[in-house]
Amino acid sequence: MKVTAAEFLKSCASLDQCPQEGLLELACVGRSNVGKSSLINTLLNRKGLAKVSRPPGKTRLLNYFRISTSDPALRHFYLVDLPGYGYAKVAKTVREEWGSLINQYLASQSTLRGVLFLVDGRVTQREDETAYQWLKGLGHRPIIVLTKMDKLKGNERRNCLAALQERFQLLDDDPVIAHSSLTREGTDALWGAIRNALAGPG
Ligand code: GTP
Ligand code: MG
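Everything numeric here is computed off the predicted structure, so don't read it as measured data.

### Overview of the site of ligand 1
Of all residues adjacent to ligand 1, which total 15 residues, the nearest are K36, S37, S38, D150 and S181. G35 is positioned with one of its backbone polar atoms (N or O) 3.0 Å from an oxygen atom of ligand 1. A distance of 2.6 Å separates an oxygen atom of ligand 1 from a polar side-chain atom of S38. Expressed as a share of its isolated accessible area of 660 Å², the protein-covered part of ligand 1 is 69%. Taken together, the residues of the shell around ligand 1 break down into two nonpolar, seven polar and six charged.

Spelled out as structure tokens, the structure:
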């Protein structure tokens, strides 16, 4: 799938500020520093796009990117970069700490059709597990993206995938994509999963 245009659209502080164009949305969720901005830039093949739109202080906002592709089934959609959840928070407060805006968005945005759930395979924490189960409880089928895979060797990769499977109690058909923004590993597979989520198979 070829991205023909990608632009930062706006940052929203409440749901009523979200674009009303009716396009389907794909949200990018994960801990701070997990690699969200890097992933967005890699997916869109636009260096610095995500960083420019997300200066410090905007971290409580929903950041909207408008994407156009060459795929007839997915001409335009929004990629929404959500604030990361922090390292220091305890698991049971993930929901509250994540902020009511994020909660509302993930629970009620009717045009939201796909959620990329980013985890750093080397440092998966209980908090990630809680966030993942919570997303599933909301009815989402998160696409798990293991970030920074270039940092893992063969054995470590296998261990990391097995550990994730067990911790998150994944089923065989739960989508998991090993990705690296450095080598672009997994980028094509990720586009496939995005297309499935937003435009359905075939
Ligand atoms: P916040 O915006 O603070 O929530 O962080 P983020 O999730 O957007 O992470 P960001 O993309 O800014 O990346 C954080 C750090 O990880 C940066 O130093 C990146 O260079 C590094 N990084 C991101 N992706 C990769 C990757 O695939 N491989 C490696 N080796 N480093 C990565
Ligand atoms: Mg970022």
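### A word on the pairing of strand β4 (residues 76-81)
Where a strand is regular, its side chains alternate between the two sheet faces. The element β4 is largely enclosed, with a buried count of five among its six residues. The pairing of strand β2 (residues 25-30) with β4 spans four bridges and is classified as parallel. For C28, the partnering residue across the bridge sits in β4 and is D81. Following strand β3 (residues 62-69), the chain reverses through six residues before pairing antiparallel with β4.

Criteria and cut-off values
Numbering of residues begins from 1 in every chain and follows the order in which that chain's sequence is written. Key to labels: chains lettered from A, ligands numbered from 1, both in the order written. Local features in this predicted model are restricted to residues whose pLDDT is 70 or higher, and side-chain atom pairs enter the listing and the counts only when it is 80 or higher, whereas totals over whole chains, interfaces and linings include all residues. Each side-chain value is derived from all of the structure's non-hydrogen atoms; neither hydrogens nor water enter the calculation. For each residue, the test is whether any non-hydrogen atom lies within 4 Å of the molecule or strand; if one does, the residue is near. Whenever a nitrogen or oxygen atom comes within 3.5 Å of another N or O atom, the pair is scored as a polar contact, on the condition that within protein one atom can donate a hydrogen and the other can accept it, and that pairs from neighbouring residues in sequence are kept only if both atoms are in side chains. With residues, only the protein chains shown are counted as cover, and all accessible areas are computed by Shrake-Rupley using a 1.4 Å probe. Only Asp, Glu, Lys and Arg are considered charged, only Ala, Val, Leu, Ile, Met, Phe, Trp, Tyr, Cys and Pro nonpolar, and every remaining residue, Gly among them, polar. Exposure classes here rest on a 1.4 Å probe applied to the protein chains alone. A residue is buried below 20% of its type maximum, exposed above 50%, and partly exposed in between. Strands here mean DSSP runs of E at least two residues long; helices mean DSSP runs of H or I at least four residues long; both are numbered from the N terminus. In this scheme, strands are said to pair when DSSP sees at least two bridges between them.

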